[in-house]
Every structure is written in structure tokens, then in C-alpha cells.
Amino acid sequence: MNKTIFKRLGWLAMLTGIGACGLEEIDPDKTVHRLEFSPAINIGTDTVNVIDLLEDLSEGEEDNVEYTAEEGEPVTMIFRDRIEFSKNDDIVDLPTQTFNHSFPTIAGSNVYTIPFTFTSVIGASRLDSLYYSGGMLNYSLAYPNGLNDYQWGIRNTFYTTTGLEFNSGAKVSLAGPVNEVIQEDLSNFKTYFETGNQINLFLDGEFVGAGPNATLNLSFENPSIKLLYALFDKKQLNMDPVSFDMSGIEELRSIGVKFTDPKLILECNNDYGADVLLGFDNVTGVLEDGSSIELENTIAEKDRLILAATNANTPTKSAIEINKDNSNIDDLISAQPDRIEMPLLVEINPDISSATQNFMADTSEIVVDAIMEIPMTVQLKDYSYDFEYDLGDISDLEDAQQLAIQIAVDNEMPIFGLIELYILDERGNVISSLVDSQEASNLAFDSPTVGDDGSIAESKVTVTRISLVKEDIDKTLTAATLKVVLKLESFDVDNLKDVSFFSDAKIAVTVGALVDFDLEL
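Just so you know, these numbers come straight off a predicted model, no measurement behind them.

Peer 1: I tried to follow the overall build of the protein on my own but got confused; where do I start?
Peer 2: If you tally the helices and strands in the protein, you get seven helices and 34 strands. For the protein, the proportion of contacts with a sequence separation of at least 24, taken over those separated by at least 6, is 85%. When the accessible surface of the protein is split by element, carbon and sulfur atoms take 45% of a total near 24900 Å².

Okay, structure coming up:
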């Protein structure tokens, strides 16, 4: 009796699910000439979903394109770009403010109030309030005689931590001459402006002697803005351009993918306290030969207005959609551009805005998420997708008289095709091709039924089998990998039918082996 057969039989029983009770029924005094093991030995199962297939179709262009859809909806090709705009200095430029003033005094107790106007402010016709994030406040007082019980400061500038008015401190008396200098970090302060961008300096005390001038010198040196409330000027500023790399489209189109009803959506977040008009009138598709096609649109100004934020921490959100009804975007995409360039222009406080006050913070920005959505239909022909299965150690099959490869395809996509099998060595070289035999030429899988709306009610399961001759069995024993190639065509492609891929569709391929042994016991 063959002493290794129980070892082999036990290995196969484990793979095939045959329990120990099946082995106990074998009479060791008899010769069993043929045992067929069923179900098949499971070699492996692999699945490809719609996204996997489309990314493979686009040959690595997935770095600049994605595919998405709501569950049960056709898949859409997506291109994205994000543009961020934060140019506070271009909206309002606040230079160093300097004030030097000498004025005559009268002996005795007096309070002098001296107005000081912020000038050379670029981009704002009116200043309301200003919180500083940096800079220096420099303030000095000079008086040749004595001062009793005096104090000096700025009426309209306050400490942000306490809310107290900026001044020289508790009232003091000096015999004179008086020369005092105060320097403070501007980030500790906020200023509330009076009409005409004005603030007021003051000097309060009892002046000794008559006639001499007092001198106040003040500078807001290199002030930077943490939060500004003002009325901004109308102004146009350039944003960085939106750019889409569309190079993946040409490859998809060449294998039967069609693009329908494209849309370009601009999702805008604005946390400036100013209405903004978004301009995009020079959108260009650049073709492979260097020529270009312009995107024309009829979108009204009111539909391009991005409303102001209501406070500094809550941006307003709006969306602008460019589609076939308000533009020639169909023509643009049909021209197969390699890339699309979209310069963006923002107009602060445009004529159609009714705002009477604006604000900006040091964190304010406008963010535009540009999303190109291109739904797809497919007429797929002559395309291949492959799976590879690790065969592991199958040396125990050396006594097999027959070996059949069984392939079950559970298909939820509107695709059908042929199946090819290859046996590969450890280096990926083909040891044997099983596509040339008459039996192999009949290996195929079917498409499920496609409804009039393109939907698929249920999957189509196709089970096929190919028997290996002894020569191929021997080659399989030394193989590392079984490669399964699906030759794909879309449903009813010969009649030029367009089909859609749905987001939740997939193809599952399960490969197994059926083995017959002649055993001597």
C-alpha cells in the first residue's frame, strides 16, 4: 500500500472540507481506482470594484483625478483644486502714523485735548475700530517748567486686557523740566476712531508758569492688524488661478469612455466682512497642440456675489455652478484639453454690495474649492483586467490524473467578456498559456441585465471550468502564480449602447481546482 497517500489525502481533505469521517469509511483492504473530490479546492477570491477599474483604465492618472458617486448612483469623474486668498495688506494698508505737536500753555490747572488723524491709509475710506497684532506705540511729553498733579495719554486707545484708557499712569508732580517717554507693544491695545479717522491726545495738570509750549510726540510704528472694522474701498485683486490637469481624459476616451453633462462648481468660503464679486472671465482649455478654447458663460453678477461673513469666526458659504445651461463647458470638455486654466479675480465691495461697514482679521481668507464633475458613460471594448492568485505549495497534487480549474464570476457591472488563464513561475514568466485550447476558448462570463435607466437589478453569476492535460498539470506543480485575465466589453457595445458604472458595483472572481486521483491502497 502507498504509505504517503493518507498524508496526501488528509491535505486534500483539509482544503476541500472533507472530514475525518470520510477517511474512516475507506476499507484499507480494497483498491480504490478513482476518487473525485468536490467541492473544488479554493485557490482564491478577488474583487474589482468600479473605482478600481476606472483607475486602472486611466493608467495611473489617479493622482489628479478621483471617482465618486452617491450610493446607487452613476460614477462621476472629479478634478479638484483649492485656491486660498489672504492678502490683508492689499485690501487695507496701514502705514506708520506719526504726530508731533507743540502748543502754548496757560498757567494753572488745564486740560488740553489735541486731535490726531490717521492719514495715508490705503484701502479704507473710514476707520471704525482697530485691534493691533504688533508694532510699537511711542509717546513722549516735553515741558520746560514744572507740572503738578498731571497725567497724559490717548482718549481713544485702550488696553485690550483691562479695557482701561491708555495714559501715563497715576497723576504725579514734577518740578521741571518734564521729559517723559512711554513705549508699549501695540498688540496690547485697541483703538476706537471718531469721525474722520480721528483720535484725541490729552494733557491734564497744573502748569507752573505762563507761556512756554508743551510738546507731545506720538507714533504708531509699523502697526499690524489683528482685527479691523472699517469701510473698505472698492478694489479688484487677483487670486491664484485654478488649474486642472486633464491629461487622464484622453486615455479614457480612447477606450470608449464618454463624458456627459460636465459641471464646474466653485465652493466659496468667505470670512472677510466684505461682499466679494468673483470674476472668472478668462477660463481657457489648453489643447495638446498648444491651441486653446475659451469658456464662455452667462452667469449674472448677482450669482457671482460671495456675501460677507457676519463675524470673524464664521465664514459665509456659497457656490457657483458653471454648466451646459449657462456656458459652453460641453464644448470645452469635448475638445479634450490637456489642462484647464482659470484665473480668478475678487472685487471687494462691488457696486452691487450694500454694505456700510466691513471687517477683516489677521486670519481672514477667501477659499475657493474648484470641483470639475464629469459624469461618464461607457462603450468599452478590447480592454483587459487581470487577477493573480498565489498557488503556494501544491506538490501533493503530483498523483492527480485530472486537474480542472473552475472560475466563478459574480458580476454586478454592465460588462461581459472572455477569460484567459496563464501559469506563471516565481519571476512572473509564463510557464503555460491555457488560452489556446478548444475548451479554453469557451471560457466566458456574462453581463447582468441592464435596465432602461442603466441600473442593474441583480448580479449575474457565471461558472466555467477548464480541464488541464497531464503536461499542464506537471507545469502547475512548479508554478507560483495563476493569472486570470478578463477580456472586457460593455453591455451591447456592438449596438453602440452607452452604459453607466454605478458606485457600488463590483466583479468577484473565485478560482478553484477540481482534482481526480488514482490511488492504490
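There is more to say, and it comes next.
Peer 1: Would you mind going over helix α3 (residues 50-57) with me for this structure?
Peer 2: Residue pairs spaced three or four apart in an α-helix point in one direction, given the helix's 3.6 residues per turn. Looking at α3, one finds that the buried residues are Val50, Leu53, Leu54 and Leu57. Projection of α3 onto a plane perpendicular to its axis shows the buried side chains occupying an angular sector of 95°, all on one side.

Peer 1: What is the right way to read a negative patch on the surface from this model?
Peer 2: A surface patch of negative charge is lined by Asp46, Asp52, Asp56, Asp386 and Glu388. Going through the elements one at a time, α3 and β27 (383-390) are the ones with two or more residues in the negative patch. You can see glutamate 388 is positioned in strand β27.

Peer 1: Can you help me understand the side chain of aspartate 369 in this one?
Peer 2: Locating aspartate 369 in the fold gives a position in strand β26 (residues 366-378). Among the polar contacts made by the side chain of aspartate 369, one reaches the side chain of arginine 82 at a distance of 2.7 Å.

Peer 1: Even after reading the chapter, I still don't get the sheet that holds strand β20 (residues 292-294), so can you show me in this structure?
Peer 2: Pairing between the strands of a sheet is mediated by backbone hydrogen bonds and can be parallel or antiparallel. Pairing is antiparallel across the open sheet formed by four strands, whose spatial order is β15-β23-β19-β20. Every other strand in the sheet has two partners, leaving β15 (242-245) and β20 as the edge strands with one partner each. Averaged over all pairs of adjacent strands, the angle between their axes in this sheet comes to 15°, without regard to strand direction.

Peer 1: In this structure, what is going on with unusual backbone geometry? I would like to understand it.
Peer 2: In most cases, non-glycine residues show a negative phi, while peptide bonds are predominantly trans. Here glycine 176 and proline 177 are connected by a cis peptide whose omega angle stands at -5°. Within the secondary structure layout, proline 177 lies in the loop between β9 (172-174) and β10 (178-185). Of note in the backbone geometry, aspartate 261 takes a positive phi value of approximately 50° without being a glycine. Of note, aspartate 492 is a non-glycine position whose phi angle comes to about 55°, a positive value. As for its placement among the helices and strands, aspartate 492 is situated in the loop between β33 (481-490) and β34 (506-517). Aspartate 492 gets classed as partly exposed once you look at its relative accessible area, which sits at 31%.

Peer 1: Is there a simple way to think about helix α7 (residues 470-477) in this case?
Peer 2: By the burial criterion, the buried members of α7 are Asp472, Ile473 and Thr476. In an axial view of α7, the angular spread of the buried residues amounts to 105°, which keeps them on one side of the axis.

Peer 1: Please explain the environment of arginine 126 as it appears in this structure.
Peer 2: Along the chain, the position of arginine 126 falls in strand β6 (residues 124-143). On the basis of relative accessible area, arginine 126 is assigned to the partly exposed category, the value being 31%. Between the C-alpha atom of arginine 126 and that of glutamine 198, which follows or precedes it by 72 residues, the distance is 10.0 Å. Those residues within four positions of arginine 126 in sequence are excluded, and the remaining contacts are Asn197, Ala230, Leu231, Thr356 and Gln357. Separated by 2.9 Å, the side chain of arginine 126 and the backbone oxygen of threonine 356 make a polar contact.

Peer 1: Explain the pairing of strand β3 (residues 76-85) here, please?
Peer 2: Within a regular strand, the side chains alternate between the two sheet faces. Examined bridge by bridge, strand β2 (residues 66-68) and β3 share three bridges and lie antiparallel to one another. Bridge pairing links glutamate 66 to isoleucine 78 in β3. Where β3 and β26 come together, 10 bridges link them in antiparallel fashion. Considered in β26, the bridge of isoleucine 83 is made with valine 368.

Peer 1: Explain the packing of aromatic side chains here, please?
Peer 2: Aromatic ring pairs: the centre-centre distance and the angle between the two ring planes describe each pair. Throughout the structure, instances matching the rule amount to 18 aromatic pairs. Residues tyrosine 385 and phenylalanine 387 carry aromatic rings whose centres are separated by 5.4 Å and whose planes lie at 70° to one another, so their mutual orientation is edge-to-face. Using a relative accessible area of 16% as the deciding quantity, one classes tyrosine 385 as buried. Its guanidinium or amino end placed over the ring of phenylalanine 202, arginine 155 lies 3.8 Å from that ring's centre, counting from NZ or CZ. Above the face of the phenylalanine 280 ring, arginine 304 is positioned so that its terminal group lies 5.9 Å from the ring centre.

Peer 1: Just checking my understanding: could you explain the sheet that holds strand β18 (residues 276-279) for this structure?
Peer 2: Strand order across the open sheet formed by four strands is β14-β24-β18-β21, with antiparallel pairing between neighbours. In this open sheet, the two edge strands, each paired with only one partner strand, are β14 (235-238) and β21 (305-306). Here β14 pairs with strand β24 (residues 345-348) via four bridges, running antiparallel. Bridged to asparagine 238 within β24 is leucine 345.

Peer 1: Can you walk me through the pattern of salt bridges in this structure?
Peer 2: Oppositely charged side chains can form a pair if their charged atoms are brought close together. Under the criterion given, the structure shown has 12 salt bridges. The partner of glutamate 84 in a salt bridge is arginine 82, and the shortest N-O contact between them spans 4.0 Å. Here glutamate 84 falls in the partly exposed class, since its relative accessible area comes to 48%. Three or more residues joined by partner-sharing salt bridges are found here, namely Arg82, Glu84 and Asp369.

About the thresholds
Residues numbered from 1 in each chain as written. Predicted model: local features only at pLDDT ≥ 70, side-chain atom pairs only at ≥ 80, totals over all residues. Heavy atoms only, no water. Helix = DSSP H or I, 4+ residues; strand = E, 2+ residues; numbered from the N terminus. Contact = heavy atoms within 4.5 Å. Areas by Shrake-Rupley, 256 points an atom, 1.4 Å probe, with all protein chains shown as cover. Buried < 20%, exposed > 50% of the residue type's maximum accessible area, 1.4 Å probe, protein only. Arc of directions from axis to C-beta. Patch = residues over 30% accessible without salt bridge, like charges linked within 9 Å, V, L, I, M, F, W, Y side chains within 5 Å. Salt bridge = Lys/Arg side-chain N within 4 Å of Asp/Glu carboxyl O. Lys, Arg positive; Asp, Glu negative; His and termini not counted. Charge placed at Lys NZ, Arg CZ, Asp CG, Glu CD. Polar contact = N/O pair within 3.5 Å; in protein donor to acceptor, adjacent residues only side chain to side chain. Pairing = 2+ DSSP bridges. Axes fitted to C-alpha atoms, helices over the stretch in contact; angles between N-to-C directions. Phe/Tyr/Trp six-rings, centres within 6.5 Å; stacked < 30°, edge-to-face > 60°. Lys NZ or Arg CZ within 6 Å of the ring centre and 35° of its normal.

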